Structure formats: C-alpha cells, structure tokens
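Here are the chains, one letter per residue:
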Amino acid sequence: MAKKKGGKKKGGNEKKGAKVFKTKCSQCHTVEEGGAHKQGPNLHGFYGRQSGKSEGYSYSSANKKSGVLWADDTLDPYLENPKKYMKGTKMVFAGIKKPAERKDLIAFLKKSCEG
C-alpha cells in the first residue's frame, strides 16, 4: 500500500471500513446495487454524485440544496460531524471522530458503492 512520509498509510483499509460500516452505518444504509432505502438512502453509486440525488429517497431540503459532490474531501468532514457540515440534514448520526476510521470507511464506500 502507498505510504506517505512518516510511514502513515495514504488510503484507508477497506476491510476495516466494512466493519465500521456494519457497526455504524448499516442500521440506516445499504450499499448494494438495487438495495433498499432504510432510514437513510441506499448508497450505491453515490460516490462522485451530487448529494440528495438517490432515486426514490426523500432527502431534507438542506441535503438537496447543498450542492455537495461526494468525494474524499467532502465525505471526511461530513462523516466527522454531519450536522455541522450540512446544517439542516436529517441524518441522525453524531459522526466518526477518529480520522483513521473515517479513512477506512471512505475506502470501503468507494469500492462497495461504485456505480
């Protein structure tokens, strides 16, 4: 795996990210193509797409109007504190405080949600 100076990993670990997803996200989200919306939308194909665009899910107006394009640089601060990043979101999740967990989750989401 690619390394940055100081020996730190550049990208996240997909396997660890899958565990983070299972414990912190799967109650409200699915990732498989054609998966059901739960309390939150199915996430398949969301990476690289504008927020609030998943067919058949009722998003908050804050999410629909945010104009956020989902990528590493937007997901990281969103996952850290969704309500701070997107004021008015209806996502009831406190966030993931550990940077390594967010990186791992983003690695998993990029791979498992490819459209």
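Residues numbered from 1 in each chain as written. Predicted model: local features only at pLDDT ≥ 70, side-chain atom pairs only at ≥ 80, totals over all residues. Heavy atoms only, no water.

**Examining the overall build of the protein**
- Scanning the protein from N- to C-terminus turns up 5 helices and 0 strands.
- Tracing the protein from N to C terminus, the helices and strands come up as α-α-α-α-α.
- Rg of the C-alpha trace for the protein: 14 Å, near the compact-globule value of 13 Å for 115 residues, within the 12% margin.
- Projected onto its principal axes, the C-alpha coordinates of the protein cover approximately 45 × 30 × 25 Å. (Helix = DSSP H or I, 4+ residues; strand = E, 2+ residues; numbered from the N terminus. Rg over C-alpha atoms; globule rule 2.2 N^0.38 Å.)

**Some points on the packing of aromatic side chains**
- Scanning all chains against the criterion turns up 5 aromatic pairs.
- Note on Y57 and Y59: the rings are 4.8 Å apart at their centroids and 75° apart in plane angle, and the pair reads as edge-to-face.
- Through pairs of rings, three or more aromatic residues link up here, namely W70, Y78 and Y85. (Phe/Tyr/Trp six-rings, centres within 6.5 Å; stacked < 30°, edge-to-face > 60°.)

**Concerning the state of the cysteines**
- In total, this model carries 0 disulfides according to the counting rule given.
- As a non-bridged cysteine, C28 has C25 as the owner of its nearest cysteine sulfur, 8.7 Å distant.
- By relative accessible area, C28 is classed as partly exposed at 24%.
- Its sulfur unpaired, C113 is 9.8 Å from the next cysteine sulfur, which belongs to C25. (Disulfide = S-S within 2.5 Å. Buried < 20%, exposed > 50% of the residue type's maximum accessible area, 1.4 Å probe, protein only.)

**Section: the environment of S60**
- With respect to the helices and strands, S60 occurs in the loop between α1 (14-24) and α2 (61-65).
- Accessibility expressed as a relative area gives 12% for S60, which makes it buried.
- Ignoring any residue separated from it by four or fewer positions in sequence, one finds S60 in contact with G88, T89 and K90. (Contact = heavy atoms within 4.5 Å.)

**Structural notes on the nonpolar core**
- Judged by nonpolar contacts, the single largest core of 19 residues is most densely connected at F21, V31, L43, F46, W70, L105 and L109.
- By residue number, the principal contributor to this core is helix α5 (residues 99-112), which donates 4 residues.
- Excluding its chain neighbours within four sequence positions, the residues that come into contact with L109 are F21, V31, L43, F46 and E114. (Core = buried A, V, L, I, M, F, W, Y, C linked by side-chain atoms within 4.5 Å.)

**Here we look at α1**
- Buried within α1 we find G17, V20 and F21. For α1, the arc enclosing every buried residue in end-on projection is 100°, short of the 170-degree limit, so these residues lie on one face. Set apart from the buried face of α1 by more than 90 degrees, the exposed residues are K15, K19, K22 and T23.
- Buried residues in α1 make contact with α5.
- For α1, the N-terminal cap is N13; the gap from its side-chain oxygen to the backbone nitrogen of K15 is 2.9 Å. (Arc of directions from axis to C-beta. Polar contact = N/O pair within 3.5 Å; in protein donor to acceptor, adjacent residues only side chain to side chain.)

**Here's the deal with the side chain of H44**
- Locating H44 in the fold gives a position in the loop between α1 and α2.
- There is a polar contact of 3.0 Å between the side chain of H44 and the backbone oxygen of E114.

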